[in-house]
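# Observations on chain architecture
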Amino acid sequence: TPDELVNPTGPLVRVAGPSLTIGDQRVFAELFTSWARRGFPSDHRVSFAIGDLATALSLQHKGGKQYALVRASLRRLTSAVFADVKPDGRYESEVGAALLADYRTRSRPGTPSSATLNERTAASLLQHPLTYLDAPTWDAIMSRDFLAARLWVWLEGERIRDEWRWSLFPSGREPVVV
């Protein structure tokens, strides 16, 4: 649901602020991936171009309306608070944070923009293995079948003890474990 995010220990539940859209989740994935590719700098800051995020969202033309949609996504990522709520004996423990701590944009095309990942959110995500997905494949699957896209993410992220290799033309034999 829009009020839950996938977390290896269970769902993170939205406890305050607006619901996130699929596009918001894609924007966050783009920002987090950019931060990861830079080696996880301790300031949690990510530089980006609004046009690049608009392209990631498959917005056709780059202009005021598309940039406004990206900025609206950044606002939701800054104001939606998600919590990991766990039963703890008689009580529940709750740890919550927004996905982004802040962002900075300008309406002038080509001007660099930046966002800061929430430190608590980043630390929580780094406690678990990361899976990189091919963005064009993700877009193609998402455009056809939301459930299939979620299944693909789960399968790509699943840690299997051995690596399985399947023959393209099975001969009826068992899979080979490498």
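Relevant structure appears above.
What comes next concerns the included structure. Keep in mind that what you see is a predicted model, and the values were worked out from it rather than measured.

## Concerning the sheet that holds strand E7 (residues 113-117)
On the basis of which strands lie adjacent, the open sheet formed by three strands has the order E3-E7-E6 and antiparallel pairing. Single-partner strands in this sheet number two, and they are strand E3 (45-48) and strand E6 (100-104). Going from strand to strand, the sheet's axes swing by 20° on average, the running direction of each strand aside. With four bridges joining them, E3 and E7 adopt antiparallel strand pairing. Directly across from Ser47, in E7, lies its bridge partner Ser114. Packed on one face of the sheet, helix H3 (residues 64-79) meets E3 and E6 and runs near 150° to E6.

## Describing the environment of Pro136
Relative to the helices and strands, Pro136 resides in helix H5 (residues 135-144). Separated by 80 residues in the primary sequence, Pro136 and Ala56 place their C-alpha atoms 9.3 Å from one another.

## Remarks on the nonpolar core
Counting 22 residues, the largest nonpolar core has Phe28, Leu31, Phe48, Leu74, Leu77, Leu100 and Leu117 as its most contacted members. For this core, the secondary-structure elements that each account for two or more residues are helix H1 (22-37), E3, helix H2 (50-56), H3 and E7. The greatest single-element share of this core, amounting to five residues, is contributed by H1. The residues contacting Leu117, other than those within four sequence positions of it, are Phe28, Leu31, Phe32, Trp35, His44, Val46, Leu99, Leu100 and Ala101.

## Observations regarding the packing of aromatic side chains
Counted under the stated rule, the structure contains three aromatic pairs. Connected via pairs of aromatic rings, a cluster forms that spans Phe28, Phe32, Trp35 and Phe40.

Here is what the cut-offs are and how they apply
Residues numbered from 1 in each chain as written. Predicted model: local features only at pLDDT ≥ 70, side-chain atom pairs only at ≥ 80, totals over all residues. Heavy atoms only, no water. Pairing = 2+ DSSP bridges. Helix = DSSP H or I, 4+ residues; strand = E, 2+ residues; numbered from the N terminus. Axes fitted to C-alpha atoms, helices over the stretch in contact; angles between N-to-C directions. Contact = heavy atoms within 4.5 Å. Core = buried A, V, L, I, M, F, W, Y, C linked by side-chain atoms within 4.5 Å. Buried < 20%, exposed > 50% of the residue type's maximum accessible area, 1.4 Å probe, protein only. Phe/Tyr/Trp six-rings, centres within 6.5 Å; stacked < 30°, edge-to-face > 60°.

In short, geometric facts, not functional conclusions.
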